[in-house]
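# Summary of structural features
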Amino acid sequence: MRLRHTLIALALVITSCASPNSNPEERYLDTGISRELAEWRKATIDSVEYTLLFDLVANKGVATINFQLVAPQDVIIDFRNTELITDVKLSNHSGTTEYSLQNEHIVLPKHLTTAGNQAVTILFDVDNQSLNRREEFLYTLLVPERARTLFPSFDQPDMKACYKLSLAIPKEWDAVSNTPATTLDEASERYNTEFGHTLPDNMKIVSFEPTEPLSTYLFSFVAGEFERRTYDDGRHSFSAYYRESDPKRLEQLDEIFMEVASALDWLEEYTGIKYPFAKYDFVILPGFQYGGMEHTGATLYNDTQMFLSEQPTLDERLRRTQLITHETAHMWFGDYVTMRWFDDVWTKEVFANYFAARMAEPLYPEVNHSLNRLKTYTQAALSEDRTMGSTSIRQELDNLRNAGLIYGQTIYNKAPIVMDKLVEIMGEEAFRRGIQEYLTTYAYGNATWDELIAILDRLTDEDLASFSDVWVNRRGMPHIVLHREGDTLLIEDSDPLGRGLHWPQSFRLTAVTSSGESVDLDVRLNGEPIELTLPQSTSYIIPNSDGRGYGLFITDDDNVEQLLDTWHTIESEIAREATVMNLNENYLHGKIDATKWLCSLVGGIRVEQNALIASSLCSYLAEPLHLTADHAAEKELYALASTHPLRSCQQQLLRLLTTTASSDEVCDALYDIWHEANHPLLNINDYMTLAYELSLRYPELYDKIRTTQLERIADKERRRRFEYIIRSVNPDTASRDALFEELLEPENRRIEPWAATALSYLNHHSFADHAVRYIRRGLEELLEVQRTGDIFFPRNWVGALLGNHRSIEAYEEVERFLRENPDYQPLMRNKILQAANPLQRAIATRNTHEQ
């Protein structure tokens, strides 16, 4: 396989029918799509249209690209699989068309072109990786610059185009794309002409209406064996395509339909713009790489996030709702108006998440949505911002081949926090007017964050540019120190990275007196220290009690001890969540001992009555429970898993103990639950996870557990998933080594969620001593994982590789790799540092204890 890659790389510089005088400017011909190439093409090429025909049985494709040139010039077309090209024809040129293949580009020489209309037709073979092919279905996923892996294109977001698509597929298959299917008589004739034979009898051609202007990453199609159900309420009509067979899960489609319709209504009313595309359908796919992807007319969703268990937790329901509203918001924010370059990809994600939370509110009137936003966005943003691999929201990007590395918790979850602060500064009504102007001004086009800020800046007297610079363009988070001297409280923020930055923001503190009275104190940080007078007899201070502040809040040791003892008595749900969240940050920064933190968490979860806060507590319990191996705490949590007044908390505690239990008593109890397979709070996915985890704890029962669980799984896709992952917990080291070798080959990790789970189990702490040997090779594979995988896979790969390790040997492997690769791709280096954060903290804690 490595030899094949080498030969392909050599082939990229070999020209086919090339003119010896063909010499396009070298700076445009980097591998990938450089910013210089993109800017040059945008300035010189216009009115792009693609006519595409794919034979999805023979894996053949033909693309005709129509476009206009300002003047004669070299034309550089992106296609990563240049070895798959079979012919190139320029419409205004008779005879053999000269072209060259250079660094994943097709280059048409200047002397063959003219000013005005051009048309080039390219025939090629289609790579299965681009099709995400399974036995009974396939789909395309082309974000951020993967269109060039499927068909020749100008693969950059600001060259929007119209697409005319035809698919030749088996007769029993359905097909879905961005626009409605239509009948094109010329499609069959074109098939015969381009592929040199008539369509086989067992196939059919499905064509689709021309699209609205779309960026290449938004073009999509799905084909295969699917069921279909249609929703029509008189205002909206759309269809769901799916492969799920469980009747009880399929009952959830009615709720899913309602939430999609509600999101469409909300967005049309808020923006003043009717749904701007031809249709809205969605496809629910087994093993889909992401939660969802916002292709117009063919939004893709992961099946496990859409079809929930019979008794989903509030967390799971909210997560699904916000996934649906997130992807629907993208129709306006990202699809209708798109960023010019992927350094501004966060602008589409911030609006999608910001408005997703807003749209969820009327659907859950019983939920404290300020609390939910705090739990959802702040908790996730801190997980990345606390690491040495933290990034700014807006990141530099020189080439689209690295665009996938920009994605992460910062753009998805820190950005909405910053947007909340921006709306707080501007006022809701002015912000809405600005958003409507932005959408109207750049309709079906592209815009930058700076262009949006210019619109918003006109609607407020505040200095949005300065605000944007520190919150958007700079990495990291503030450390906010509260220093008390008697009744005087000094508050100042500092930059832990030593740049002298200050983050303007407002939040509230609550002073709690010895008599139990709570007094709120408002704080507005703007670069200068603030001095407040506390009420007399103040016993302790609750920092960030309204949850609006962002950063690490540091108080003196006595105050921390008081909060550890009393946080569960705080009446305000937001203050309680904000306090436990900040205590967790202090624990992760080494300011609270693991034993103390575990004791505080267990004491709090005993009495917690809010499902969202209880969910946070369960997530925080995992690390200190594993580190301390406190069997008494573990047994108490197991008891609470059947007695806690919140059923969702019972369920989450069982799931927590599934992955963390170490005592014989609790492990035996979990084995009994798995063996009986009738627990009212667990679903088939829970039992599959139990099978993996019990195989780790009872290696002598591996074969029995594997066989029994496999017999219980009726659904074909779940069986395939289980058979793939269960190998990673095989007690035989040779078997695990063989699986790791398989994962180093791209074709064996095409279903990325399964591959990441398997890699994580291969590196489970039970196997840690042996698994250290995987670290170096796993890190060496990371750039290939980026090249062959989708946008989240490098982060998931390195997280699975490093996330369970805590040894000095593992730490030294990571340090050695980074030291020996000083020029390693910076964005990827950040992913390694983010994933290595738990390992680095473990070593730092061990060193502190040894001192």
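Report follows, based on the coordinates. Predicted model only: the values in this text are computed from it and were never measured.

## Overview of the packing of aromatic side chains
Under the counting rule described, the total for this entry stands at 56 aromatic pairs. By the ring-pair criterion, three or more aromatic residues cluster together here, those being Tyr 231, Phe 238, Phe 257, Tyr 275, Phe 277, Tyr 280, Phe 282, Tyr 301, Trp 332, Tyr 336 and Tyr 444. The ring centre of Tyr 270 lies 4.9 Å from the NZ or CZ of Arg 432, which sits over that ring. In this structure, Arg 749 is placed above the aromatic ring of Trp 797, and the distance from its NZ or CZ to the ring centre is 5.4 Å.

## Examining the environment of Asp 520
As for its placement among the helices and strands, Asp 520 is situated in strand β24 (residues 518-525). Spatially, the C-alpha atom of Asp 520 lies 59 Å from that of Gly 224, the residues being 296 residues apart in sequence. Those residues in contact with Asp 520 that lie beyond four places of it in its chain are Arg 508, Leu 509 and Thr 510. For Asp 520, the side chain forms a polar contact with the side chain of Thr 510, separated by 2.8 Å.

## Considering helix α27 (residues 752-762)
Note that an α-helix has 3.6 residues per turn; residues three or four places apart therefore point the same way. Among the 11 residues of α27, 8 are classified as buried, and the element is accordingly described as predominantly covered. For α27, every residue scored as buried is listed here: Glu 752, Trp 754, Ala 755, Ala 756, Ala 758, Leu 759, Tyr 761 and Leu 762. Buried-residue contacts for α27 involve α23 (684-697), α25 (716-726), α26 (733-743), α28 (768-780) and α30 (793-802).

## So, the pairing of strand β9 (residues 161-170)
Taken across its 10 residues, β9 has 9 buried, putting it largely inside the fold. By the bridge criterion, 8 bridges tie strand β1 (residues 45-55) to β9 in an arrangement that is parallel. Following the sheet pairing, Tyr 50 is matched in β9 by Tyr 163. As defined by bridge partners, β9 adjoins strand β12 (residues 203-208) across 5 bridges and the pair is classed as antiparallel. Among the inter-strand pairings, Ala 168 is bridged to a residue of β12, identified as Ile 205.

## A short note on the pairing of strand β23 (residues 505-513)
For β23, a buried count of 8 out of 9 residues is recorded, marking the element as mostly surrounded by other parts of the structure. Connecting β23 to the antiparallel partner β24 that follows it, the hairpin turn spans 4 residues, and Gly 516 within it adopts a positive phi of roughly 95°. Summarising the sheet, β23 and strand β26 (residues 538-542) pair through 4 bridges and their orientation is antiparallel. Opposite Thr 513, over in β26, you have Thr 538 as the bridge partner.

Conventions and cut-offs
Residues numbered from 1 in each chain as written. Predicted model: local features only at pLDDT ≥ 70, side-chain atom pairs only at ≥ 80, totals over all residues. Heavy atoms only, no water. Phe/Tyr/Trp six-rings, centres within 6.5 Å; stacked < 30°, edge-to-face > 60°. Lys NZ or Arg CZ within 6 Å of the ring centre and 35° of its normal. Helix = DSSP H or I, 4+ residues; strand = E, 2+ residues; numbered from the N terminus. Contact = heavy atoms within 4.5 Å. Polar contact = N/O pair within 3.5 Å; in protein donor to acceptor, adjacent residues only side chain to side chain. Buried < 20%, exposed > 50% of the residue type's maximum accessible area, 1.4 Å probe, protein only. Pairing = 2+ DSSP bridges.

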